[in-house]
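Listed here are the chains, written in short residue letters.
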Amino acid sequence: MMSAADEPGCTTATATLIGQVSDMPGVLAAAQEGAKLVALWPLTKASELSNDAKYAENLQVRQTRAMAAALTGEHVTIADAEYVYEGAESIPGRPQSIVDALLAANAACDAMADYSQTQDPRLLTQAGAELGLSWDDTVLASCRRSLAAIKTGQDNEPGPDRRISRSLAAVTVAADGVLHAIAAPDIADVIAVVLVADELCETLSIPRLFLAEDALRSAHTIYAGDGSGSAGDTAVTLPALAGILAAAARNEWAKHTEDVLWNPEEAKRQAKADDERRNREALAAKFSKPAQ
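In this numbering scheme, every chain counts its residues from 1 along its sequence in written order. Given that the model is predicted, a residue must reach a pLDDT of at least 70 before its local features are reported, and side-chain atom pairs must reach 80 or more before they are shown or counted; all residues, however, enter totals for whole chains, interfaces and linings. To get the side-chain values, take all heavy atoms of the structure and skip hydrogens and water.

A few words on the confidence of the model for the protein chain. As a per-residue measure, pLDDT tells how confident the predictor is, with possible values from 0 to 100. Overall, the prediction assigns the protein chain a mean pLDDT of 87, with 86% of residues at 70 or greater. Any pair of residues with heavy atoms lying within 4.5 Å of one another is described as a contacting pair. Every residue in residues 1-8 is under pLDDT 50, and counting partners more than four places away or in other chains gives 10 contacts.

Listed below in structure tokens is the structure:
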């Protein structure tokens, strides 16, 4: 029996929203960066494979640091996040509240790790529970609608840029729908939805996302509302969220490309060349000064 979330009319409406978001300039610009990254695959060089593995490990450290900072309002360092990622349950001289937030963030990430392969909704609720949330299946109906819409005709997109822009739009529409299904979402809800969005990216075969603390807070502001009622209006919230996710995607995908292609020997040569250039400029400036 079909639920309301799965009715053809709902899927059609979702597909319309996805099409509108996919044409936004910011989403198209992000898709161009994503296409550059995707074009590197399959990776064949050992250095690139190693760089990508290191990127993936660092990504969770960066994600959990941002999540813990947003949850606690405290200054969380990369070192804090690295210690907890590596198994620490306390850090000498650091507030336990930070460590506990990092532990919860890592547990939520780990709970979601298999979602892109299984699409098991229990993983989404488990991840939410790690952050102290209680989500039922109705909250996640938007994810199913977006997945159904994006998979319909996805193979007919004319090129990688358009496929990625449409997929990123689907992720955005899904995230907006989940946040609208939550009464008065708090920052933990936003963080959990970002984890959902990240897994949907993997499900739709586009690169993963990273939202910094300020982006998480900005997303929360959209749905927390200012009393005007705009927080409940998809026409207001969807483009605002799309702007945040598209900017985050564009920056992260450019960084991912740079990290994969990073060559330590070339970096050393470039650093040496930069030092020599600065020395030449300093000498030129010194000798160009008029005599006193």
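On we go.
Moving on, we come to unusual backbone geometry. Excluding glycine, residues mostly carry a negative phi; peptide bonds, for their part, are mostly trans. Note the cis peptide between Trp41 and Pro42, where omega equals 0°. Strands here are runs of E lasting at least two residues and helices are runs of H or I lasting at least four, both read from the DSSP assignment and numbered beginning at the N terminus. Among the secondary structure elements, Pro42 is positioned in the loop between helix H2 (25-38) and helix H3 (46-72). Of note, Ala184 is a non-glycine position whose phi angle comes to about 50°, a positive value. Secondary-structure assignment places Ala184 in the loop between helix H9 (160-180) and helix H10 (187-203). Exposure classes here rest on a 1.4 Å probe applied to the protein chains alone. A residue is buried below 20% of its type maximum, exposed above 50%, and partly exposed in between. On the basis of relative accessibility, which here comes to 72%, the residue Ala184 falls in the exposed class. In the Ramachandran plot, Ser205 falls in the positive-phi region, its phi being about 60° despite a non-glycine side chain.

Attention shifts here to the environment of Val76. Among the structural elements, Val76 can be located in the loop between H3 and helix H4 (78-85). Along the primary structure Val76 and Leu102 are separated by 26 residues, whereas in three dimensions their C-alpha atoms are 9.0 Å apart. If we ignore the near neighbours within four places in the chain, the residues touching Val76 are Arg65, Ala68, Ala69, Arg94, Ile98 and Leu102.

The next thing to look at is the packing of H4 against helix H5 (residues 96-111). Lines fitted to C-alpha atoms define the axes, with helix axes restricted to the stretch in contact, and inter-axis angles between N-to-C directions lie between 0 and 180 degrees. H5 packs onto H4 with a crossing angle of 60° between their chain directions and a minimal axis gap of 10 Å. Comparing the axis directions of H4 and H5 gives the class oblique. The handedness of the crossing between H4 and H5 comes out as right-handed. Contacts between H4 and H5 involve Asp80, Ala81, Val84 and Tyr85 from the first element and Ile98, Val99, Leu102, Leu103 and Asn106 from the second. Polarity classes work like this: nonpolar for Ala, Val, Leu, Ile, Met, Phe, Trp, Tyr, Cys and Pro, charged for Asp, Glu, Lys and Arg, and polar for all others, with Gly in that last group. Here the residues of the contact of H4 with H5 sort into seven nonpolar, one polar and one charged. Note on terminology: angles under 35 degrees are roughly parallel, angles over 145 are roughly antiparallel, angles of 65 to 115 are roughly perpendicular, and the others are oblique. Crossing handedness is read from the near helix: turned anticlockwise from the far helix by less than a right angle, it gives a left-handed crossing, and turned clockwise, a right-handed one.

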